[in-house]
Amino acid sequence: MNPNLLHLLRIAQQPARRIIGLMSGTSLDGLDVALCRCEGSGIHTRVQVEHFHTVPYPEEVKNQIREVFAKAEISFEQLCLLHPWIGNLHADMVLDCLRQWQVAPTEVDCIASHGQTVYHAPRHQHGRPDFPNATLQLGDGDHVAVRTGILTLSDFRQKHLAAGGEGAPLAVYGDYLLFSQQGEDRILLNMGGIANFTYLPGSLQLAEIFSTDVGPGNTLLDAFTQHYFPTLSYDANGALASQGQVHETLLAALLDHPFFQADFPKTTGPELFNKEYVQQAQTRSGTLAPSPHDLLATLTQFSAESIVRALERCFPVPNLTVYASGGGMHNPVLMTALRQRLPQCRFTTTDELGILPDAKEAVLFAVLANEALAGTPETFQGGQAGNPAVSMGKISFAR
Ligand SMILES: Nc1ncnc2c1ncn2[C@@H]1O[C@H](COP(=O)(O)OP(=O)(O)OP(=O)(O)O)[C@@H](O)[C@H]1O
Ligand SMILES: CC(=O)N[C@H]1[C@@H]2OC[C@@H](O2)[C@@H](O)[C@@H]1O[C@H](C)C(=O)O
């Protein structure tokens, strides 16, 4: 037998595994690296985050990715080169972290590599009925495995697509395994480039659990902050938005899009929520030249309002505990708007559940890899459409 398979079998049979979860999201801010100790599997999964670090993307890396990011027309050569290039880049970032943490690569069982999403095209967004839901993450797993010497699982979203999902949100699987609690209806709200939430009913009924994207989290805020204030990459602590006024007519135009009326679950990305989206809403509402501060105030309210409306549509009397994560939870203007609009909800963060909010998505990919190795797809049997009962991740051996 190929010794790689014996190695895989040994890792799968261990009571616990050390797995590095990697996530680089739509904000292009960097690579989240979470070294996790995953014990057990399925609903018995226990995770301890041993180390976490976000390795910032240098400006040059962001620029290379931006050449293809969320663009319908690109250089095919650039796309081809980026796939191994990002794989090697992420591998080097992992090796740097391991050196800093004084952990040898041989002490890690597996890497769970999400890769860099460069294009997300659910059918409702591409609008071509003869083509399926599609999504593309770059950063080839074989390159990560060979360069680090660590078994790597990657490209998690394709199985979800193949089994009838939109390739996202995948958070629901890990959220269910780690955070379900009998007797408390929970919302796990992640505000990254795109905002999404998972609903975990206190009844623990698998069929009621679902996860959906709800609209822009920070993606528009980042785009216009960078546009008007080129030395800044985001509106830190909402400092710019807090100096502006919300334009109600522009806000109404921003919220007037079929995406918001479509049924849940649904997914989206910066392919829809981008500068053109805002410019079109400005044209329709006749608000052509709001000041940069007013525009950022309005866009922050837009992010908050799209989250609030999604929650209100799903739960007519939202009386829930909301566990926030992702970069948006550091924005007090956004968080205050959410609290004001949903006074009956209790807002906290996943810290309360033992997972650092900035690490949450990377941890969830470690959990997906743990399930692929040691769990069974049956764990999710009976889940809603959108959560197919499958194991995700492609296996790359290091040798
Ligand atoms: N102190 C802060 N104040 C305001 N915004 C912040 C702050 N810290 C982070 N952010 C926002 O969070 C963003 C990064 O969030 P995060 O890393 O969760 O996104 P992501 O994982 O790239 O996106 P996604 O989850 O959509 O894939 C930044 O681009 C910025 O907009
Ligand atoms: C295609 C893609 O990368 N989608 C991301 C993105 O970032 C947030 C939101 O849009 C979510 O649907 C998803 O990531 C998280 C980790 C998920 O799959 O749950």
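Keep in mind that this is a model prediction, so the values were computed, not measured.

A. Expanded view of the site of ligand 1. Lining the immediate surroundings of ligand 1 are 21 residues, of which Thr 26, Gly 193, Asp 222, Asn 237 and Gly 327 lie closest. For ligand 1, an oxygen atom lies 2.9 Å from a polar atom in the backbone of Ser 27. Within the side chain of Asp 222, an N or O atom sits 2.6 Å from an oxygen atom of ligand 1. Taken by itself ligand 1 offers 660 Å² of open surface, and the protein chains cover 88% of this. The residue makeup of the shell around ligand 1, split by class, is 4 nonpolar, 13 polar and 4 charged.

B. Region of interest: the pairing of strand β11 (residues 346-349). Of the strand pairs in this sheet, strand β10 (residues 321-325) and β11 are connected by 4 bridges, and their pairing is parallel. Bridging from a neighbouring strand, Val 322 pairs with Phe 347 of β11. Between β10 and its parallel partner β11, the chain crosses via helix α13 (residues 332-341), and the hand of that crossover is right-handed.

C. Representation of the site of ligand 2 in the model. Of all residues adjacent to ligand 2, which total 17 residues, the nearest are Thr 117, Arg 157, Leu 170, Ala 171 and Asp 213. A distance of 2.8 Å is found between an oxygen atom of ligand 2 and a backbone nitrogen or oxygen belonging to Leu 170. The backbone of Ala 171 places a nitrogen or oxygen atom 2.8 Å from an oxygen atom of ligand 2. In the complex, 97% of the free accessible area of ligand 2, which totals 430 Å², lies under the protein chains. Counting only elements with at least two residues in the shell around ligand 2, the list comes to β4 (110-121), β5 (134-138), β8 (194-200) and α14 (360-374). With 3 residues, β4 is the largest single contributor of residues to the shell around ligand 2. Lining the shell around ligand 2 are residues from two domains, each supplying at least three of them: domain 1 (3-167 + 358-396) and domain 2 (171-353).

Quick notes on the rules
Residues numbered from 1 in each chain as written. Chains lettered and ligands numbered in written order. Predicted model: local features only at pLDDT ≥ 70, side-chain atom pairs only at ≥ 80, totals over all residues. Heavy atoms only, no water. Near = heavy atom within 4 Å. Polar contact = N/O pair within 3.5 Å; in protein donor to acceptor, adjacent residues only side chain to side chain. Areas by Shrake-Rupley, 256 points an atom, 1.4 Å probe, with all protein chains shown as cover. Nonpolar A, V, L, I, M, F, W, Y, C, P; charged D, E, K, R; others polar. Pairing = 2+ DSSP bridges. Helix = DSSP H or I, 4+ residues; strand = E, 2+ residues; numbered from the N terminus. Right-handed = clockwise from strand over helix to strand, strands pointing away. Domains from an automatic or database assignment.

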